[in-house]
Structures are given as structure tokens and as C-alpha cells.
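Working through the structure, step by step
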Amino acid sequence: MSTVRRSKNQAKPVRKNLHPRNLHNQGYDFPALVKNHPALAPYVKPNAHGNLSIDFADPLAVKTLNAALLNRYYNVVNWDIPEGALCPPIPGRADYIHYVADLFGPENPNLKMLDIGTGANGIYPLLACQIYGWQCVGSDINTQSLENVADIIANNPALKGRITLRTQQDKNRIFEGIIQAGEFFDVSVCNPPFHASLDEALKGSQLKLNNLARSRGEQKAKTQSPTLNFGGMGAELWCKGGEQLFLKKLIKESQVYSTQCRWFTSLVSKADNVKPAKKLIHKLGAVDVREIEMRQGNKVTRVLAWTFI
């Protein structure tokens, strides 16, 4: 039996219960990431357990880690987002794409995906294109966010012609004005706004910072001025009614476009929102409804998938 030897600076592999095809199942290889993306080096230091890590409470450190991961594993260069924009955890976002791919079985070439609320990071189209070679449409109500994604695409010629960006002109609509007449998508993905207000978002971020501090052996975060370590502007993090109301609108409008998209999917962060969402989906006549559980360490999130076809 072969033995894998690690240098003393390399963190021990940590099984994260991610999708079997997820490239991040063994944790972060910081020496390799720094070698490939030197800008990450200043942020990498031993943590309380003696393993290399970054300060996940530092937005710039998190953003630089994302750029390094996208560069090393997905051949996306010069990825960047404006200050304050939502900075998604790459392993979890890749998990969503892998589980969506499973809806179509092992053979899933040439699929067309719609990302509702792609944000300034454009993460789902980027991953879907680079992992599976899908064609993607990313929509958002924020034109500045779409301009940033356009810049990322321009910096990566291999993505040209594979990701189309569309502006949602009506904040009260989701698919209307985005899905065009006669157009068909294999799947739609969405990461709904989690909170019902900015104040709620800031309180949630402070709780997350305190949890990170405790994992470092501190009682609470050093700063009590709420910051969003993973960013998030306006509609990226909150909307009136929060996740529950957004899901309700998403599901109702999906029925209108039931013949133009095979699978509708959405992340559901709050467990209490799953049951009413599934009840509404069944009521509207979906022929197949699936709840997919995703785990990353101790964190559990769910993907709801439904089809009328």
C-alpha cells in the first residue's frame, strides 16, 4: 500500500462530504494554490491548529482565495469582483453544478443553463462552462454586476460565445423578460436572496464572524462593526420577504414557462422553507420534485429541483 507524504506546511486532507466529482473534496492545497497564484501568499498563515489557512473573516483574503481556486482548477484567469459584491464559496457552488448535472445522468453534453441572479461574480455560468462545457445565460437586475461578468468573460477568450448576459428590467419578474419566445433551457439555477432586510443580513454576518472567531479559539470576533466577509450588495443578499417569498415567486413563475425549461432548480438555505415550497410545486402540477441535500463540513444546504415535463 502506497503512503502519501505531506510537507509539514501542508494541511492534512479534510473530507468535506462534497459531491464525488468535486475537485475540492480534500480541502485546500495552499502551497499549490500560492505557487499557481502568488497574490494569495500574504493571506496564508498557520491557523490555531497549525495548518495553513486564511482568515475567512477578511473579505480580501476570501476574494483572493476564490481567484486562486478558479485559476488553478477551472482555468479562469483575472477573476475579480467590485468591493462589496457577493464572494461565493467555490467548493459549494461547484457542488450545485455537479448535482444539477446528475439530473441528466452521466451523459450531459451541450446542455443550456439559465442562472437567475448571476451577480457580479458570475460563478455558476463560469463553473458550468469550464466543468461541463455547457452553454449558459446569466441574468441580473444590476447592470453593473453584468458589466463585471462581461469583463471576466473578456479576460477569458475560451468563454466567448458560451455565456450570454441579460438584464432583468422588472424587479418583480424572474423568468419573464429573460426567457425569450421559442427558447428552451435544460435547467435553471438560482441562489435566492437569503435575508428580508439589510439589517438582518448584517446581523447574520456578525453571527458568522463570531462562529469563525470561536473556531480560532476566540470568544467572539474582534470587531463588532458588522461587515459582510463574503460580501453581498442589495438584491444579492436580501429582498422583501426574504428567501421564502422569493421562492414562492420563482415557483409560480416557473409554471408559466413550464414548456421552456426541463428542470427548474434553486438553492434553499433555510430548512423551514423547503416544505411550503414543495407543497406549492406539487400544487402547480409538477410531475417530478426532488430535494437534494448538499454538505460541506457541518453546513447543510438543499437544492430543490422540479419539472413539469
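This is a predicted model, so every value here is computed, not measured. (Residues numbered from 1 in each chain as written. Predicted model: local features only at pLDDT ≥ 70, side-chain atom pairs only at ≥ 80, totals over all residues. Heavy atoms only, no water.)

Observations concerning the environment of Thr143
Here Thr143 is to be found in helix H5 (residues 143–154). A relative accessible area of 42% places Thr143 in the partly exposed class. Considering only alpha carbons, one finds Thr143 and Leu165, 22 residues apart in sequence, at a separation of 9.8 Å. (Helix = DSSP H or I, 4+ residues; strand = E, 2+ residues; numbered from the N terminus. Buried < 20%, exposed > 50% of the residue type's maximum accessible area, 1.4 Å probe, protein only.)

Notes on unusual backbone geometry
A positive phi is found at Asn75, a non-glycine position, where the angle reads about 55°. Within the secondary structure, Asn75 sits in the loop between helix H2 (59–74) and helix H3 (90–102). The exposure class assigned to Asn75 is exposed, which follows from its relative accessible area of 60%. One non-glycine residue, Asn78, lies in the positive phi region at around 55°.

With respect to the packing of aromatic side chains
Scanning the entire structure with this criterion turns up 8 aromatic pairs. Site record: aromatic cluster; members linked through ring pairs are Phe175, Tyr257, Phe264, Trp306 and Phe308. Seen from the ring of Tyr73, Arg72 lies directly overhead, with NZ or CZ sitting 5.3 Å from the centre. Across the ring face of Phe185, the terminal group of Lys112 is positioned such that the distance to the ring centre comes to 4.9 Å. (Phe/Tyr/Trp six-rings, centres within 6.5 Å; stacked < 30°, edge-to-face > 60°. Lys NZ or Arg CZ within 6 Å of the ring centre and 35° of its normal.)

Here we look at the pairing of strand S4 (residues 135–140)
Taken across its 6 residues, S4 has 5 buried, putting it largely inside the fold. Relative to S4, strand S3 (residues 112–116) runs parallel, the two sharing 5 bridges. Paired with Met113 across the bridge in S4 is Cys136. A crossover links S3 with its parallel partner S4, the connecting element being helix H4 (residues 123–132), and its sense is right-handed. Sheet analysis places S4 next to strand S5 (residues 163–167), joined by 5 bridges and oriented parallel. Paired with Asp140 across the two strands is Thr167, which belongs to S5. A crossover connection joins S4 to the parallel S5 through H5; in handedness this β-α-β unit is right-handed. (Pairing = 2+ DSSP bridges. Right-handed = clockwise from strand over helix to strand, strands pointing away.)

Thoughts on the pairing of strand S7 (residues 261–268)
The buried fraction of S7 amounts to 7 of the 8 residues, a majority that puts the element mostly inside the structure. By the bridge criterion, 5 bridges tie S7 to strand S9 (residues 299–307) in an arrangement that is antiparallel. Each residue of the ladder has a partner; that of Phe264, found in S9, is Trp306.

Let's talk about the confidence of the model for the chain
A residue-level look at the chain finds 79% of positions with pLDDT of 70 or above and a mean pLDDT of 85. Low pLDDT, under 50, characterises residues 200–216; the predicted model gives this stretch 37 contacts beyond four residues in sequence or across chains. Counted against residues more than four places away or in other chains, residues 223–230, with its pLDDT under 50, gives 27 contacts. (pLDDT = per-residue confidence, 0-100. Contact = heavy atoms within 4.5 Å.)

Points about the state of the cysteines
When the sulfur atoms of two cysteines share a covalent bond, that bond is a disulfide. Applying the stated criterion across every chain yields a total of 0 disulfides. With no disulfide partner, Cys136 has as its closest neighbouring cysteine sulfur the one in Cys129, 4.0 Å distant. (Disulfide = S-S within 2.5 Å.)

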